[in-house]
Amino acid sequence: MARHVGAEMWKRFQTPGLISTKPLRRTPERQNLENIRRGQFEGIRDEIAINPARKPDFGEPCVHPTAGVTAVGARRPLIAYNVVSEYT
C-alpha cells in the first residue's frame, strides 16, 4: 500500500516521497521518522539532490515548492484507548 500511494503521489502531484513503513525503509538512517524530518523543509531542500541518504524512494531528488517531501507509510489498524482511574 505504501509503495502504491507513494508512486501515485509522484505521478499525480510531483511530490517526492519517502517510505516510512518499517519493513520497507531503504537505509538505517530512515529507521526513525525524526531522521527523515531532520532539517525541516530547508535542510531537506538543500540536501536532497546531493546526499544519497536523503534521496526519495519516489520521484526526482528535489522538493515540491509547496508540499516539500512526503513520508508515506502503511500499517495494520491501531486501536487504542485511554483509561482514567480515580484510584491513583
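Quick caveat, the model's predicted, so the values are computed rather than measured. (Residues numbered from 1 in each chain as written. Predicted model: local features only at pLDDT ≥ 70, side-chain atom pairs only at ≥ 80, totals over all residues. Heavy atoms only, no water.)

Asker: What is the right way to read the overall build of the protein chain from this model?
Answerer: Looking only at helices and strands, the protein chain has 3 helices and 2 strands in total. Its C-alpha atoms give the protein chain a radius of gyration of 16 Å, clearly above 12 Å, the size a compact globule of 88 residues would have. Viewed in the frame of its principal axes, the protein chain has a C-alpha envelope of about 55 × 25 × 25 Å. Looking at the protein chain as a whole, 26% of its 88 residues qualify as buried. Of the contacts formed within the protein chain by residues at least 6 apart in sequence, a portion of 62% connects residues at least 24 apart. Total accessible area on the protein chain stands at roughly 6,800 Å², and carbon and sulfur atoms take up 54% of it. For the protein chain, the distance from the average position of its 14 positive side-chain charges to the average position of its 9 negative side-chain charges is 7 Å. (Helix = DSSP H or I, 4+ residues; strand = E, 2+ residues; numbered from the N terminus. Rg over C-alpha atoms; globule rule 2.2 N^0.38 Å. Buried < 20%, exposed > 50% of the residue type's maximum accessible area, 1.4 Å probe, protein only. Contact = heavy atoms within 4.5 Å. Areas by Shrake-Rupley, 256 points an atom, 1.4 Å probe, with all protein chains shown as cover. Lys, Arg positive; Asp, Glu negative; His and termini not counted. Charge placed at Lys NZ, Arg CZ, Asp CG, Glu CD.)

Asker: Is there a simple way to explain the side chain of R54 in this structure?
Answerer: One can find R54 in the loop between α3 (40–47) and β2 (70–72). Beyond its immediate chain neighbours, meaning those up to four positions away, R54 contacts L18, R30, N35, I36, R38, G39, I44, E47 and I48.

Asker: Mind showing me how you'd approach the side chain of T15 here?
Answerer: Among the secondary structure elements, T15 is positioned in the loop between α1 (2–13) and β1 (17–19). Taking the relative accessible area as the measure of exposure, T15 reaches 6% and is therefore buried. With residues near it in sequence (within four places) discarded, T15 still touches M9, W10, H64, A67, G68 and T70.

Asker: I tried to follow the pattern of salt bridges on my own but got confused; where do I start?
Answerer: Side chains that carry opposite charge are capable of pairing whenever their charged atoms lie near each other. Tallied over the entire structure, the rule returns 5 salt bridges. Measuring nitrogen to oxygen at the nearest pair gives 3.8 Å for the salt bridge that ties K11 to E8. Taken together, the positions of K11 and E8, both in helix α1 and 3 residues apart, correspond to about one turn of that helix. Residues E8 and R12 are paired through a salt bridge, measuring 2.9 Å at the closest nitrogen-oxygen approach. Placement of the pair is E8 and R12 together in helix α1, with a separation of 4 residues, close to one helical turn. A relative accessible area of 59% means that R12 is categorised as exposed. Sharing partners across several salt bridges, the network here consists of E8, K11 and R12. (Salt bridge = Lys/Arg side-chain N within 4 Å of Asp/Glu carboxyl O.)

Asker: In this structure, what is going on with the environment of G59? I would like to understand it.
Answerer: Summarising the element assignment, G59 is placed in the loop between α3 and β2. In the structure, G59 is positioned 22 residues away from Y81 in sequence and 37 Å away in space, judged by C-alpha atoms.

Asker: For this particular structure, what's the right way to read α1?
Answerer: Helical geometry note: an α-helix holds 3.6 residues per turn, so side chains three or four residues apart project in the same direction. Taking 1.5 Å as the rise per residue, α1 with 12 residues should run 16 Å; its terminal C-alpha atoms sit 16 Å apart, in good agreement. Within two residues after α1, Q14 carries a phi angle of roughly 55°, on the positive side. (Expected span 1.5 Å × (residues − 1).)

Asker: When you look at the environment of A53 in this model, what are you seeing that I'm missing?
Answerer: In this structure, A53 sits in the loop between α3 and β2. C-alpha of A53 to C-alpha of R3: the two residues are 50 residues apart in sequence and 18 Å apart in space. If sequence neighbours within four positions are ignored, A53 has contacts with E29 and R30.

Asker: Before we go on, may I ask you to explain the confidence of the model for the protein chain in this structure?
Answerer: Detailed reading of predicted coordinates is not advised where the pLDDT is low. This prediction gives the protein chain a mean pLDDT of 84; 94% of its residues lie at or above 70. Across the protein chain, the element-wise mean pLDDT spans from 81 in helix α2 (residues 33–37) up to 91 in α1. (pLDDT = per-residue confidence, 0-100.)

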